[in-house]
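Coordinate inspection notes
Residues per chain, in single letters:
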Amino acid sequence: MIVTASATSGTNFTPSTVVQVATSAQQQQQLLEKPSGAVTDVVVSRKSGHMFERAYIERYIDVHGKCPITNEPLEKTDLITLQTCAIVKPRSSTAVNIPGLLSNFQTEWDAITLECATLRTTLNQVISETAEYLSMHDASCKLIAELTQERDSTLRKLEEIQAQKRKAKIKAKVAAAAQQGEPKTLPDEVKKLIKEKSVEISQQRKKRRVSESLAPAMLVSRFGLLGSHPTHKASQPGITCVDVHPTLPNLIVTGGVDADVILFDNVSKTCLSTLSGHSKQVSQVAFHPRENVIFSTSYDKTARVWTCVDEDTHVYNSKLLMGHSGKIVGGSLHCSGKFFVTASLDNTWRMFDVETTTCLGQNKNPPMNLSFMCVQFHPDGLLIGTGMEDKVVRIWDMNTQQPVACFEGHTGRVLDLCFSENGYTLASGSDDQTVKLWDLRKQLNFETFNIGAPVNAVRFDYSGIYLAAGSSSIDVFRKGKTFDKVGKFTEHTGAVTDVAFGPDARFLASTSRDRTLKIYGA
């Protein structure tokens, strides 16, 4: 089929074209006919105005070089492309009348209804399977819960049995140590070492000067609360003691009513390690000044030496110092770092070798029914001071294990004491609500502070210039011609149990029955 168009003015094609249909010879029609019958690309001859399909007229021109209608010469450049509309497929016969539309709608409705029925059947099947799986899941969860409960109960019983075995073993060791004939006199080699260390410390003290970076009184008076940290368990509230590392001020160790010893990092504000081993309240903690070792005493009648075995993970192993038959209320490390002294409610103090954990000596002729409340080594290491239940401060000679001085004046139990680093002054705190300062050379009390509450802790800083006292609050005094109060901190909501200065008195750490470790600084 050939579509032709004749122009009304000459042979040139113009927009005003009259379209006619003409039929050529059978041979031409077969050549130009497209099998699909659909014309997709229409062109018009510029010379004759006839319209052709491009594919077939170009093939005809390639073979004959002329127009198949007029037989005039024709080239491809004489062909002009026409823009044609897309062919719209006519509607089917069933979609052009109402009965046909109703039939189509009925067919579509039947298909949708069938699909819905199929989906509902599938949904019911899925719901049934899901219910079955949920039932199986619930049964499995109940079984797992029962097994977990049984496992936890078994583990608790196992832990209780192991704890009872450990306590029984410790009690047996303590009883055996108490029954053994403990040495009453220090070995000669120990006496010699203590004497040599005392001479060394005395010579060093003469050359020592007050640090230029020591915090001035104005700075201490402006101390504020830098942090409050509930480091111990809440089930048994109360932190009983604290110590600050002398060379690594970011490290702070505390002991609590929960029987744990906590190593705390004051920079990252995190607990580095929890040292568990005591079975009762921890009464005293102390750092070794040169080694990664921590000392602790406890009401479980034992002291422990905690030695670090992994500095990266802060894992500590402990050794027991045993021999007391009563609660150990305090302990103190000798300036050599080799000996540790403990005081107990069993009316004795004992000195232990840190390395071998053996008891080297104890006080001779212990007083009857007269308990120790605290103990402290003198900075030179030749003497120890003890606070007693009879309201007296006693100074003991380590060579003879006998008291060489008694300071009377308190009207209540002496709860804590501390020597200044120069070795000339002793501070004592009592539940008579006073702090007393004693001159060791003249053996007299030269100053008394009325705090207004039982004094649980007293502590000098390393220079001996600042003194802190813990009671219901914290009072800080500075040494001048007299000791003048330069600060008072009342942030604790419970009784203050212990205090400790950081290096150069740049900060102050305190613990309390309110279960917090507080840091004060500027």
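Residues numbered from 1 in each chain as written. Predicted model: local features only at pLDDT ≥ 70, side-chain atom pairs only at ≥ 80, totals over all residues. Heavy atoms only, no water.

1. Details of the sheet that holds strand β8 (residues 251–256)
As summarised here, the arrangement of the four strands in space is β7-β8-β9-β10, forming an open sheet in which the pairing is antiparallel. Pairing within the sheet leaves two strands with one partner each, and these edge strands are β7 (239–244) and β10 (270–276). Pairs of neighbouring strands in the sheet enclose a mean axial angle of 20°, with direction left out of account. (Pairing = 2+ DSSP bridges. Helix = DSSP H or I, 4+ residues; strand = E, 2+ residues; numbered from the N terminus. Axes fitted to C-alpha atoms, helices over the stretch in contact; angles between N-to-C directions.)

2. Description of the sheet that holds strand β14 (residues 315–321)
The strand order across the open sheet built from four strands is β11-β12-β13-β14, with neighbouring strands paired in antiparallel fashion. Either end of the sheet is taken by a strand with one partner, and the two such strands are β11 (282–287) and β14. When strand polarity is set aside, the average angle formed by the axes of neighbouring strands in this sheet is 25°.

3. Describing the pairing of β14
Sheet analysis places strand β13 (residues 303–310) next to β14, joined by seven bridges and oriented antiparallel. Residue pairing across strands places Val305 opposite Lys319, the latter belonging to β14. Taken together, β13 and the strand that follows it, β14, pair antiparallel across an intervening segment of four residues, in which His314 is found at a positive phi of about 55°.

4. Thoughts on the packing of aromatic side chains
Under the defined criterion, the tally for this structure stands at nine aromatic pairs. Ring centres of Phe295 and Phe340 lie 4.9 Å apart, and the angle between their planes is 10°; this geometry places the pair in the stacked category. Residue Phe295 is found in strand β12 (residues 293–298), and its partner Phe340 is found in strand β16 (residues 339–344); the two are separated by 45 residues along the sequence. Taking the relative accessible area as the measure of exposure, Phe295 reaches 0% and is therefore buried. What makes Phe340 buried here is its relative accessible area of 2%. (Phe/Tyr/Trp six-rings, centres within 6.5 Å; stacked < 30°, edge-to-face > 60°. Buried < 20%, exposed > 50% of the residue type's maximum accessible area, 1.4 Å probe, protein only.)

5. Thoughts on the nonpolar core
Counting residues in hydrophobic clusters, the biggest one holds 19 residues, and the most contacted among them are Tyr466, Ile474, Val476 and Leu508. Broken down by secondary-structure element, the contributors of at least two residues to this core are α5 (217–221), β28 (466–470), β29 (474–479), β30 (483–489) and β31 (496–501). Element by element, the count of residues in this core is highest for β31, at three residues. (Core = buried A, V, L, I, M, F, W, Y, C linked by side-chain atoms within 4.5 Å.)

6. Remarks on the environment of Arg46
Tracing the backbone shows Arg46 in the loop between β3 (42–45) and β4 (51–53). Linking Arg46 and Leu74, residues 28 residues apart in sequence, is a C-alpha distance of 9.2 Å.

7. Considerations on the pairing of β3
Burial along β3 is two-sided: Val42 and Val44 and Val43 and Ser45, pointing in opposite directions, are all buried. Across three bridges, the pairing between β3 and β4 is antiparallel. By the bridge assignment, Val42 is partnered in β4 with Glu53. Where β3 hands over to β4, the hairpin turn is made up of five residues, of which Gly49 adopts a positive phi near 80°. Pairing of β3 with strand β5 (residues 79–81) involves three bridges; the strand directions are antiparallel. Looking at β5, one finds that Val43 is bridged to Thr81.

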